[in-house]
Amino acid sequence: MKKDIEITPVEGVYVAAVLEYNKDFQMDDWNVYIINENAYPIETVLIVSKGFEGNKITTTFRHNLKLLPAKSYAKVELLQPDLFEINNEFSVSFFSEKGFLHHNFLFPKRSIDEANRKELPIMKEKGILAQ
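Analysis parameters
Residues numbered from 1 in each chain as written. Predicted model: local features only at pLDDT ≥ 70, side-chain atom pairs only at ≥ 80, totals over all residues. Heavy atoms only, no water. Helix = DSSP H or I, 4+ residues; strand = E, 2+ residues; numbered from the N terminus. Buried < 20%, exposed > 50% of the residue type's maximum accessible area, 1.4 Å probe, protein only. Contact = heavy atoms within 4.5 Å. Areas by Shrake-Rupley, 256 points an atom, 1.4 Å probe, with all protein chains shown as cover. Lys, Arg positive; Asp, Glu negative; His and termini not counted. Charge placed at Lys NZ, Arg CZ, Asp CG, Glu CD. Polar contact = N/O pair within 3.5 Å; in protein donor to acceptor, adjacent residues only side chain to side chain. Pairing = 2+ DSSP bridges. Phe/Tyr/Trp six-rings, centres within 6.5 Å; stacked < 30°, edge-to-face > 60°.

## Describing the overall build of the protein chain
- Within the protein chain, the regular secondary structure consists of zero helices and ten strands.
- For the protein chain, the N- to C-terminal ordering of α and β elements is β-β-β-β-β-β-β-β-β-β.
- Each principal axis of the C-alpha distribution contributes one length, and for the protein chain these read about 50 × 35 × 25 Å.
- In the protein chain, which comprises 131 residues, the proportion classed as buried is 41%.
- The contacts in the protein chain between residues at least 6 apart in sequence include a share of 57% that link residues at least 24 apart.
- As presented, the protein chain carries roughly 8400 Å² of accessible surface, and 51% of it is formed by carbon and sulfur atoms.
- Here the protein chain holds 16 positive side-chain charges and 19 negative ones, and the gap between their average locations is 3 Å.

## Observations concerning the environment of Glu53
- Residue placement: Glu53 occurs in strand S3 (residues 42–53).
- For Glu53, a relative accessible area of 29% translates into the label partly exposed.
- Taking C-alpha positions, Glu53 is 9.7 Å from Pro108, a pair spaced 55 residues apart along the chain.
- Aside from chain neighbours lying at most four places away, what touches Glu53 is Ile86, Asn87 and Lys109.
- At 3.2 Å, the side chain of Glu53 forms a polar contact with the side chain of Asn87.

## Things to note about unusual backbone geometry
- Notably, Lys71 is not glycine yet its phi reads approximately 55°, a positive angle.
- Position of Lys71 among the secondary structure elements: in the loop between strand S5 (61–68) and strand S6 (72–79).
- Since its relative accessible area comes to 48%, Lys71 is described here as partly exposed.

## A short note on the sheet that holds strand S9 (residues 118–119)
- Ordered in space as S6-S2-S1-S10-S9, the five strands form an open sheet in which the pairing is antiparallel. Of all strands in the sheet, those bounded by a partner on one side alone are S6 and S9.
- Relative to strand S10 (residues 126–129), strand S1 (residues 13–22) runs antiparallel, the two being bridged by two bridges. Its bridge partner lying in S10, Ala16 is registered against Leu129.

## Let's talk about the packing of aromatic side chains
- Considering all chains together, one arrives at four aromatic pairs under this definition.
- Note on Trp30 and Phe84: the rings are 6.2 Å apart at their centroids and 85° apart in plane angle, and the pair reads as edge-to-face. Here Trp30 is found in strand S2 (residues 27–36), whereas its partner Phe84 is found in the loop between S6 and strand S7 (87–96), with 54 residues between them in sequence. For the pair Trp30 and Phe84, one class covers both residues: buried.
- An angle of 55° between the planes, with centres 5.1 Å apart, marks the rings of Phe95 and Phe100 as tilted.

All we've got here are geometric facts, nothing functional implied.
Shown next as structure tokens:
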């Protein structure tokens, strides 16, 4: 039964959007990262991303990381500016010493904006943490 399933909250794992200079195209790009602030690694990380707003839904992307070490981060994908006008969800599932964990991270529409950047955990960058 559903009431018998114990859900362990995800702690110390974040999804962030970071504005970075792209040398090849000589412009700024918003890249999405997964951050593991924990003192232990997370394994078999599956990230499923999609954008949505009403009837508008983007293609679903799937990303896989075999291992994200403790106190580290990894780039997930580039976000195109036209996606900022819709909600962007990153569904993250992984194994850790706490078992199998899952969390849906959300960048609400229009939340990805330079004015909203703050210091990020682990990374020496400013960015926007997904909710």
